[in-house]
Amino acid sequence: MLHSDPNIDQHREVWTAAEARRLFDQPLMDLLFQAQTVHRRHFDPNRVQMSRLLSIKTGGCPEDCSYCSQSARHASGLSASKLLEVERVLAEARRARDAGATRYCMGAAWRSPKQRDMPQIVAMIEGVKALGMETCMTLGMLDAHQSRQLADAGLDYYNHNIDTSESHYGNVITTRSFADRLETLENVRKSGIKVCSGGILGLGEGPQDRVDMLATLANLPEPPDSVPINMLIPVEGTPLADAAPVDPIDFVRTIATARIMMPRSHVRLSAGRTAMSDEMQAMCFFAGANSIFVGDTLLTKDNPEEEADMRLFAKLGLQPMQAHEHVPEDRAVRDPAIPILR
Ligand code: SAM
Ligand code: DTB
Ligand code: SF4
């Protein structure tokens, strides 16, 4: 189906929910083969981008996201802290760079940033860039003016997840709407910052919610540059503490479907890797995931130890992707034998 929005490249097709579901439901071997074929057209399949996270303002968040340890509305036992000093952030960033991270992602437990915090945020962006790393921030909702301020500071990426499908959204978060999320994504895109947006599996959603979420992302005026797919880390004291675990094969199917629907995006195997076997992670990389978070802490929860990731990379023959690495389009080999691919 062609895009009906006149502002969008008319040659780019939109994904209908039904098309996305057909991809997702295929026999697994067909889905994986297609995903790996698409992946090889646009990326070196043996390279994985590595991002490092730092919580620059932890806990005490006014939003009620039912998965999150940082919401002030849940008794997760996490105490709120103030925005970190710029020097502290830069010292952490330097360590991450020396350990091989190429992108530094700074997250704050805010509904949206306050104007008084902007000078500190701008100084963090400028300082991390000066270390030679790509910068990413996730600070909650942004209006057009705030997006421009961050763009002017040189911010490379802004992370803002849609988390789940539009129809499941209200079951997970009530203090903001799905439309609010899309509005921030639009402000970010218009300011020229690259968009990082994805979601979480394990929020009680069904398969149609998963593909609907992917269709929303793939059908944005430009698909996000990075698409984090998180697996819920159940947090005691939150409404989703006892949510049913995600079936690993369904998780892999979601990664593969994301790869096919957003062929040029970095698909990030995000939160939840401590609960995944090496084999499951290997399947995710085969399905087209080509980015991870490195370092033993995400924002507030555990991530695999650096040595464990180094062992996994060595076993799989994976190499870190360099900052700003780009695979030229002419490297692509088209395979006309696969009808579903564009
Ligand atoms: N407060 C900002 C916001 O929500 O946009 C930024 C930080 S927020 C913690 C970043 C993302 O982390 C969320 O959108 C969600 O997708 C993910 N996340 C949070 N808690 C999680 C959990 N327990 N398990 C998996 N992913 C989680
Ligand atoms: C994203 O999609 N996942 C990251 C990042 N963007 C900011 C956050 C994961 C958080 C996991 C739970 C925690 O550490 O509190
Ligand atoms: Fe706040 Fe972000 Fe956590 Fe939601 S996900 S409660 S907005 S920190």
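Now for a look at the structure at hand. As the structure is a computational prediction, the values presented were derived from the model and not from experiment.

### Points about the site of ligand 1
Near ligand 1 lie 18 residues; those nearest to it are T138, N161, D163, R181 and I233. Contact distances for ligand 1 include 2.7 Å between an oxygen atom and a side-chain N or O atom of D163. Contact between ligand 1 and R181: an oxygen atom at 2.8 Å from a side-chain N or O atom of the residue. In isolation ligand 1 has 560 Å² of accessible area, and contact with the protein removes 89% of it. Residue composition of the shell around ligand 1, by class: 10 nonpolar, 6 polar and 2 charged.

### Comments concerning the environment of R253
Mapped onto the secondary structure, R253 falls in helix α9 (residues 248-261). R253 gets classed as buried once you look at its relative accessible area, which sits at 14%. With 222 residues separating them in the primary sequence, R253 and L31 have C-alpha atoms 7.5 Å apart. With residues near it in sequence (within four places) discarded, R253 still touches F24, D25, Q26, P27, L28 and L31. Within the local environment of R253, its side chain forms a polar contact with the backbone oxygen of Q26, the two atoms lying 2.7 Å apart.

### Observations concerning the site of ligand 2
Near ligand 2, the surroundings consist of 13 residues, among which N161, N230, L299, T300 and K301 are the closest. In the environment of ligand 2, a nitrogen atom lies 3.3 Å from a nitrogen or oxygen atom belonging to the side chain of N159. N161 has a polar side-chain atom sitting 2.8 Å from an oxygen atom of ligand 2. Among the residues making up the shell around ligand 2, the classes are represented as 6 nonpolar, 6 polar and 1 charged.

### Things to note about the environment of E134
Looking at the element boundaries, E134 is found in strand β3 (residues 134-138). The buried category is assigned to E134, whose relative accessible area is 4%. Reaching out from E134, the side chain makes a polar contact with the side chain of R103 at a distance of 3.0 Å.

### Considering the packing of aromatic side chains
On inspection of all chains with the given rule, the structure shows 2 aromatic pairs. Ring plane angle 70° and centroid distance 5.6 Å describe the contact between Y169 and F178, whose orientation is recorded as edge-to-face. Here Y169 falls in the buried class, since its relative accessible area comes to 2%. You can call F178 buried: its relative accessible area is 5%. Aromatic side chains F285 and F313 sit 6.4 Å apart centroid to centroid with 85° between the ring planes, which places their arrangement in the edge-to-face category. With F285 in helix α10 (residues 278-286) and F313 in helix α11 (residues 306-316), the pair connects residues that are 28 residues apart, well separated along the chain.

### Looking at the side chain of Q26
The topology assignment puts Q26 in the loop between α1 (17-25) and α2 (28-42). Within the local environment of Q26, its side chain forms a polar contact with the side chain of Q34, the two groups lying 2.9 Å apart. Contact partners of Q26, with chain neighbours within four places excluded, come to L31, Q34 and R253.

### Structural notes on the nonpolar core
By size, the foremost hydrophobic cluster in this structure holds 89 residues, and its most contacted members are I56, Y67, L150 and F251. Considering each element in turn, this core owes the most residues, 7 residues, to α9. Apart from the residues lying within four places of it in its own chain, the contact partners of Y67 are D163, V172, I173, R176, I200, L203, L232, I233, V235, T238 and L240. Counting residues in hydrophobic clusters, the runner-up holds 7 residues, among them L53, C105, C136 and F293.

### Remarks on the environment of K82
Turning to its location among the elements, K82 is positioned in the loop between β1 (47-57) and α3 (86-98). In the structure, K82 is positioned 23 residues away from G59 in sequence and 8.9 Å away in space, judged by C-alpha atoms. With near-sequence residues (within four places) excluded, K82 lies in contact with I56 and K57.

### Digging into the pairing of strand β2 (residues 103-108)
A regular strand carries its side chains on alternate faces of the sheet. With 6 of 6 residues buried, β2 lies mostly within the body of the structure. Because side chains alternate across β2, one face comprises the buried residues R103, C105 and G107, and the other comprises Y104, M106 and A108, equally buried. Direction of pairing for β1 relative to β2: parallel, over a ladder of 6 bridges. Bridge assignment links S51 to a residue of β2, and that residue is R103. Taking the sense of rotation as the criterion, the β-α-β connection linking β1, α3 and β2 turns out right-handed. The pairing of β2 with β3 spans 5 bridges and is parallel.

Criteria and cut-off values
- Residues numbered from 1 in each chain as written.
- Chains lettered and ligands numbered in written order.
- Predicted model: local features only at pLDDT ≥ 70, side-chain atom pairs only at ≥ 80, totals over all residues.
- Heavy atoms only, no water.
- Near = heavy atom within 4 Å.
- Polar contact = N/O pair within 3.5 Å; in protein donor to acceptor, adjacent residues only side chain to side chain.
- Areas by Shrake-Rupley, 256 points an atom, 1.4 Å probe, with all protein chains shown as cover.
- Nonpolar A, V, L, I, M, F, W, Y, C, P; charged D, E, K, R; others polar.
- Helix = DSSP H or I, 4+ residues; strand = E, 2+ residues; numbered from the N terminus.
- Buried < 20%, exposed > 50% of the residue type's maximum accessible area, 1.4 Å probe, protein only.
- Contact = heavy atoms within 4.5 Å.
- Phe/Tyr/Trp six-rings, centres within 6.5 Å; stacked < 30°, edge-to-face > 60°.
- Core = buried A, V, L, I, M, F, W, Y, C linked by side-chain atoms within 4.5 Å.
- Pairing = 2+ DSSP bridges.
- Right-handed = clockwise from strand over helix to strand, strands pointing away.

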